[in-house]
Amino acid sequence: MEKFDCIVVGAGPSGNAAAYTLAKAGLSVLQIERGEYPGSKNVQGAILYSDALERIIPEFRDEAPLERHIIEQRMWVLDDDSYIGTHYRSDAFNQKPYNRYTILRAQFDKWFSEKVAQQGVLVICETTVTDLIMDGKRVVGVRTDREQGEVFADIVILADGVNSLLAKKAGFHPELNPGDVALAVKEILFLPQESVESRFNVNEGEGVVIEMIGKITQGMMGTGFLYTNQESITIGVGCMLSDFKKERIPPYLLLERMKNHPAIKPLIQGGEMKEYTAHLIPEGGLRAMPQICGDGWMIVGDSGMFVNAVHREGSNLAMTTGRLAAETVIDLKRAGKDFTSANLASYRSRLDDSFVMKDLAKYRDMPGVFHANPQFFTTYPELLNNAARTMLTVDGGDKKSKEREILRSFTRSRTLPGLLSDAYKMWRALR
Amino acid sequence: MNVNVEEKLFQNRYKVDHGRPHISIVDPSVCASECRTQQCTRVCPASCYKAEGNGNVSLITDGCLECGSCRIICDDFRNVEWEYPRGGYGILFKFG
Ligand SMILES: Cc1cc2nc3c(=O)[nH]c(=O)nc-3n(C[C@H](O)[C@H](O)[C@H](O)COP(=O)(O)OP(=O)(O)OC[C@H]3O[C@@H](n4cnc5c(N)ncnc54)[C@H](O)[C@@H]3O)c2cc1C
Ligand code: SF4
Ligand code: SF4
């Protein structure tokens, strides 16, 4: 019977961060991944935030497959055939070391996994973990779909992503609520490097991201995004599953309409579609967070709802939770302590001290506010776009009357108390 | 607007585990006679679930993107049995 100090299930950013940190401290680690290679099951926008990775692999910039560093962020509010938005570009984002990059997850995860293996982790791919092995209430190992596929460890770290089937089967938490997860679909469109650079007005290695809300989600709570890669553009849209269920709009239809929006179409024109993907994002926030550790087990990354949906951050929370879980294990092991639920509680306090819990606590009301107030995704985008059109159309009307007209259009669609209460709700949720 | 999702899926790489679908409908008669909304037939991003003319729902998992949506949105009847494919099988993203 083979036994390890630790088994890590999953080789996404959370599992890789955990396995790397554990092995570097000298622990024996087995990591199991169901994909043919790490990354082959994984989907992201994808923006990589440097800080979380830098704390694990400081020299990552010299080796990791990075696409473009981001120098400009655009935020668009879309109506059916128009958009209003802000663009922020700064040369500060062009100073090394760069703060964030676009990546392609399948390639990035493969690279990260090679680093993990170099630390001495035994990485086994093409193997699905089917169950946790329990001894009473304690997790003592995992069962896989391989012959004689039972392996044992002092602690099992569940880095198995948003669906979190293993903890669910073990009864650690119930099925996900459709109101706590978003479904995103996206495509990657290939274009010559020069086209990407001229269309977005950037030099080699520089990139632009566009985040979008508004009519593209047809009243559902969600966002769209467009990211520039080296020789391709990633375009996608995601909405809450509860809204998809209610509205019955096929996600690929949403994406196709978005690609045909007059503000977007010219940017992606001629792009050759080479992959179509779909993935869930856990967006329930702090209120939807499951139990994150117990006797012999811990949860990291998406399977623990560690995503900051407001800021589109997930991979950095995944890597940070993976690292902090590993550090908890290392400290307990050095102190000769057992991996009991009580001892593992220090994982929770490490999280509390980090940006992870602080940010999730800050935005804990956000999902609820958006669920209860769909006007943020329909009425306001329309009003804002109309306001801009009214002000910018030179038609002989005076500006004062135009302002009055805009104000009237706002109060017509939404009463003044309604407007004020929306502003208050946003302020409360973002505070 | 009409979108041919099969054309999109055609760009993807799969290693299909023939004869061993990883998702199944527990009780087809629930789909046919109790579930009026049949949301899986609209929400599945790979259009694996199809509403047949006679009220039945069919499921072919070959193009599945393994997202998990169908399992989660079937919350009125919990009529979807959902596992990951065997190790190494299923969708194989090149870019992700
Ligand atoms: C469309 C989209 C856009 C996003 N954009 C961003 C972004 O721009 N920036 C950002 O920071 N985050 C973004 N995120 C979120 C980010 O992708 C996730 O937060 C992150 O991938 C979570 O990492 P993880 O390691 O917890 O889970 P995952 O990356 O999902 O990894 C889980 C791993 O476990 C494996 N696995 C699962 N079950 C088993 C099993 N039973 N046996 C063996 N192996 C198993 C899987 O194959 C997978 O490799 C985005 C997500 C999506 C879907
Ligand atoms: S949602 Fe569930 S019960 Fe309804 S048709 Fe789909 S699988 Fe059947
Ligand atoms: S897991 Fe996703 S892609 Fe696969 S059948 Fe279910 S909804 Fe469709």
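In this text the structure is predicted, and so the values were computed from the model without any measurement.

(A) Local environment of the nonpolar core. Residues Phe200, Met212, Leu226, Ile264 and Tyr276 of chain A together with Tyr49 of chain B are the most contacted members of the largest nonpolar core, which totals 67 residues. Here the element with the most residues in this core is helix H7 (residues 251-259) of chain A; it accounts for 5 residues. Split by domain, the residues of this core number at least three in each of domain 1 (3-66 + 100-175 + 286-366) and domain 2 (179-282) of chain A. Cys6, Ala19, Tyr101 and Val121 of chain A belong to the second-largest nonpolar core, a separate cluster that totals 50 residues.

(B) Representation of the state of the cysteines. The final tally for this structure, using the stated rule, is 0 disulfides over all chains. Lacking any disulfide linkage, Cys293 of chain A is separated from the closest cysteine sulfur, that of Cys6 of chain A, by 13 Å.

(C) Structural context of the pattern of salt bridges. A complete count under the given rule lists 34 salt bridges over all chains for this structure. The partner of Glu175 of chain A in a salt bridge is Lys168 of chain A, and the shortest N-O contact between them spans 3.0 Å. Residue Lys168 of chain A is classed as buried on the basis of its relative accessible area of 16%. Residue Glu256 of chain A pairs with Lys8 of chain B through a salt bridge whose shortest N-O separation is 2.7 Å. One end of the pair, Glu256 of chain A, is in helix H7; the other, Lys8 of chain B, is in helix H1 (residues 5-10), on a second chain.

(D) Here's a closer look at the packing of aromatic side chains. The full count for this structure, using the stated rule, is 11 aromatic pairs over all chains. The interplanar angle of 45° and the centroid separation of 5.6 Å between the aromatic rings of Phe108 of chain A and Trp111 of chain A together place this pair among those described as tilted. Placement of both Phe108 of chain A and Trp111 of chain A in helix H3 (residues 105-118) is noted, with a separation of 3 residues, approximately one turn of the helix. Each member of the pair, Phe108 of chain A together with Trp111 of chain A, is buried. When the centroid spacing of 3.9 Å and the interplanar angle of 5° are considered together, the rings of Phe172 of chain A and Trp297 of chain A count as stacked. Here the residue Phe172 of chain A occupies a position in the loop between helix H4 (165-169) and strand S11 (181-190), and Trp297 of chain A occupies one in strand S17 (residues 297-299), the gap between them amounting to 125 residues. The residues Phe172 of chain A and Trp297 of chain A share a single accessibility class, namely buried. Among the aromatic side chains, those forming a connected cluster through ring pairs are Phe60, Tyr98 and Tyr101 of chain A. Sitting over the ring of Tyr37 of chain A, Lys110 of chain A keeps its end group 4.3 Å from the ring centre. The lysine or arginine in question, Lys8 of chain B, covers the ring of Tyr276 of chain A, its NZ or CZ lying 5.8 Å from the ring centre.

The rules behind each value
- Residues numbered from 1 in each chain as written.
- Chains lettered and ligands numbered in written order.
- Predicted model: local features only at pLDDT ≥ 70, side-chain atom pairs only at ≥ 80, totals over all residues.
- Heavy atoms only, no water.
- Core = buried A, V, L, I, M, F, W, Y, C linked by side-chain atoms within 4.5 Å.
- Buried < 20%, exposed > 50% of the residue type's maximum accessible area, 1.4 Å probe, protein only.
- Helix = DSSP H or I, 4+ residues; strand = E, 2+ residues; numbered from the N terminus.
- Domains from an automatic or database assignment.
- Disulfide = S-S within 2.5 Å.
- Salt bridge = Lys/Arg side-chain N within 4 Å of Asp/Glu carboxyl O.
- Phe/Tyr/Trp six-rings, centres within 6.5 Å; stacked < 30°, edge-to-face > 60°.
- Lys NZ or Arg CZ within 6 Å of the ring centre and 35° of its normal.

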